[in-house]
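Structure assessment
Each chain, letter by letter, is given below.
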Amino acid sequence: MNNENNKTKDTFANILKKTSDIGKKAADQVQKGAKIVSEQTKKNIEEHKKKKYNPIFPKDFRKKDFCLPNIIEIVDDAVRREIDYCEGAIGWCDTRGETEVFHLYDEWVENSGIQFVPFWKCDNVYCVDAFDRKRYINVNSIFAKATEEKLAELANIAFCLGAKSCSVEILEANLEIEAKSLKANAKVSNTATSFSNDTYTKNKNMQSGKTISHFEGNSSPKRPELKWFQYDDTIKGLIDMRCSNANSIKSKTLELSGSCSATMSKKTAIAIDKILKVKGSVSMEKQVQKEISSKLIFEIEF
């Protein structure tokens, strides 16, 4: 009888132990699951903050694989001073359309190593120099500066080729840009048909300006260094002709298309307009259209 009682007690104890083990495992699983959920929630919150604020910290900026966007806006750090997630950041990145923009805090400009032309100023927008990625030019003066550099480059080409004189006439189209966003759907015989009418540009008339340069001239031409016109076949042809054929050429008139030496792309111009919130007649997009439609008449005499 005692043996039976002992067996019963042992069996009951085993049942209790197994139940306790099962309960402990279940509790452990619940605790583990709760921890996973908590960690995933925390991770989701961090990812949401990163996507929302996308701060750039000094360590990010100094990484070798960090690529500066083509557009930089200098801003006051006060705009995000109250956001804990952005503490210690030097700015942030976001996109306007399909173009990335770096918003750099003014207090970090000096440490960035970036050259801003003609100088840096808070609440101003800068576009990367086409020939130097460490140099950014204020968008308010970028087209005037580009024109100035192009004229100087053409004069230098004439000088290096031993010309006696050269002139550059700038023909700028006075553009009228009409933006239409018309979209419609029509149902014909149960078939949906859609059509749209996008932005188009009209040239009203041309405006002109001319510069003239005179030199001593010589018969020992040398190949000039090219920047704006390095991919222009017309200019390269002139250089080859002057340097390769015993100076046989005496004069030449070239018509250079503005599209061959564009200051910026239309996509970049649209992104800048979104930052500046342009509503008037002056915009980067119109400036690009004007530049593409312009011509440079380059006359050179040897």
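Since the structure is predicted, the reported quantities are computational estimates derived from the model, not experimental observations. (Residues numbered from 1 in each chain as written. Predicted model: local features only at pLDDT ≥ 70, side-chain atom pairs only at ≥ 80, totals over all residues. Heavy atoms only, no water.)

Formed by 22 residues in total, the largest nonpolar core has its most connected members in L154, I235, L256, F298 and I300. Listed by contribution, the elements that provide at least two residues to this core are helix 4 (142–160), strand 8 (165–178), helix 5 (233–244), strand 12 (251–257) and strand 13 (295–301). Beyond its immediate stretch of four places on either side in the chain, F298 contacts L154, A158, C166, S167, V168, I235, L238, K252, T253, L254 and L256. (Core = buried A, V, L, I, M, F, W, Y, C linked by side-chain atoms within 4.5 Å. Buried < 20%, exposed > 50% of the residue type's maximum accessible area, 1.4 Å probe, protein only. Helix = DSSP H or I, 4+ residues; strand = E, 2+ residues; numbered from the N terminus. Contact = heavy atoms within 4.5 Å.)

Under the criterion given, the structure shown has eleven salt bridges. For K59, the salt bridge is made with D60, and the minimal N-O distance between the two is 3.5 Å. Looking at D60, the relative accessible area reads 16%, which means it is buried. As a salt-bridge pair, R135 and D129 come within 2.3 Å of each other at their nearest N and O atoms. Classification of R135 as buried rests on a relative accessible area of 16%. Relative accessible area serves as the criterion here: at 7%, D129 is assigned to the buried category. Among the ionic contacts, a cluster of salt bridges with common partners joins K59, D60 and K63. (Salt bridge = Lys/Arg side-chain N within 4 Å of Asp/Glu carboxyl O.)

On to the packing of aromatic side chains. Per the counting criterion, the structure on display carries ten aromatic pairs. Aromatic pair F61 and F66: ring centres 5.6 Å apart, planes at 50 degrees, arrangement tilted. What links up through ring pairs into an aromatic cluster is the set F61, F66, F102 and W108. The ring centre of W92 lies 4.0 Å from the NZ or CZ of R80, which sits over that ring. (Phe/Tyr/Trp six-rings, centres within 6.5 Å; stacked < 30°, edge-to-face > 60°. Lys NZ or Arg CZ within 6 Å of the ring centre and 35° of its normal.)

Further remarks concern the confidence of the model for the chain. Here the chain averages 82 in pLDDT, while 71% of its residues score no lower than 70. Under a pLDDT of 50 for its full length, residues 179–197 has, in the predicted model, 19 contacts with residues more than four places off or in other chains. (pLDDT = per-residue confidence, 0-100.)

The mixed open sheet is built from seven strands, whose spatial order is 1-3-4-2-6-7-5. Every other strand in the sheet has two partners, leaving strand 1 (55–56) and strand 5 (115–117) as the edge strands with one partner each. Pairing of strand 5 with strand 7 (residues 132–138), which is carried by three bridges, proceeds in the parallel orientation. Bridging from a neighbouring strand, Q115 pairs with R135 of strand 7. Sitting on the sheet, helix 4 touches strand 5, strand 6 (125–129) and strand 7, and the angle it makes with strand 7 is about 120 degrees. (Pairing = 2+ DSSP bridges. Axes fitted to C-alpha atoms, helices over the stretch in contact; angles between N-to-C directions.)

Time to look at the side chain of S167. Mapped onto the secondary structure, S167 falls in strand 8. Apart from residues lying up to four places away in sequence, S167 is in contact with K210, T211, I212, I297, F298 and E299.

Across its twelve residues, helix 5 extends 16 Å between first and last C-alpha, which sits within 8% of the 16 Å expected from 1.5 Å per residue. By the burial criterion, the buried members of helix 5 are I235, L238, I239 and R242. Each buried residue of helix 5 sits inside an arc of 95 degrees when the element is viewed along its axis, so together they form one side. Buried residues belonging to helix 5 abut helix 4, strand 12 and strand 13. Of the residues that open helix 5, the one with a side-chain oxygen 2.9 Å from the backbone nitrogen of T234 is D232. (Expected span 1.5 Å × (residues − 1). Arc of directions from axis to C-beta. Polar contact = N/O pair within 3.5 Å; in protein donor to acceptor, adjacent residues only side chain to side chain.)

Below, the discussion takes up the packing of helix 6 (residues 266–276) against helix 7 (residues 284–292). The geometry of helix 6 relative to helix 7 is characterised by a closest axis approach of 7 Å and an angle of 155 degrees between their N-to-C directions. With respect to helix 7, the axis of helix 6 lies roughly antiparallel. Between helix 6 and helix 7, the contacting residues are K266, A269, I270, I272 and D273 on the first element and M284, E285, V288 and Q289 on the second. For the contact of helix 6 with helix 7, the per-class residue count stands at five nonpolar, one polar and three charged. (Parallel < 35°, antiparallel > 145°, perpendicular 65-115°, else oblique. Nonpolar A, V, L, I, M, F, W, Y, C, P; charged D, E, K, R; others polar.)

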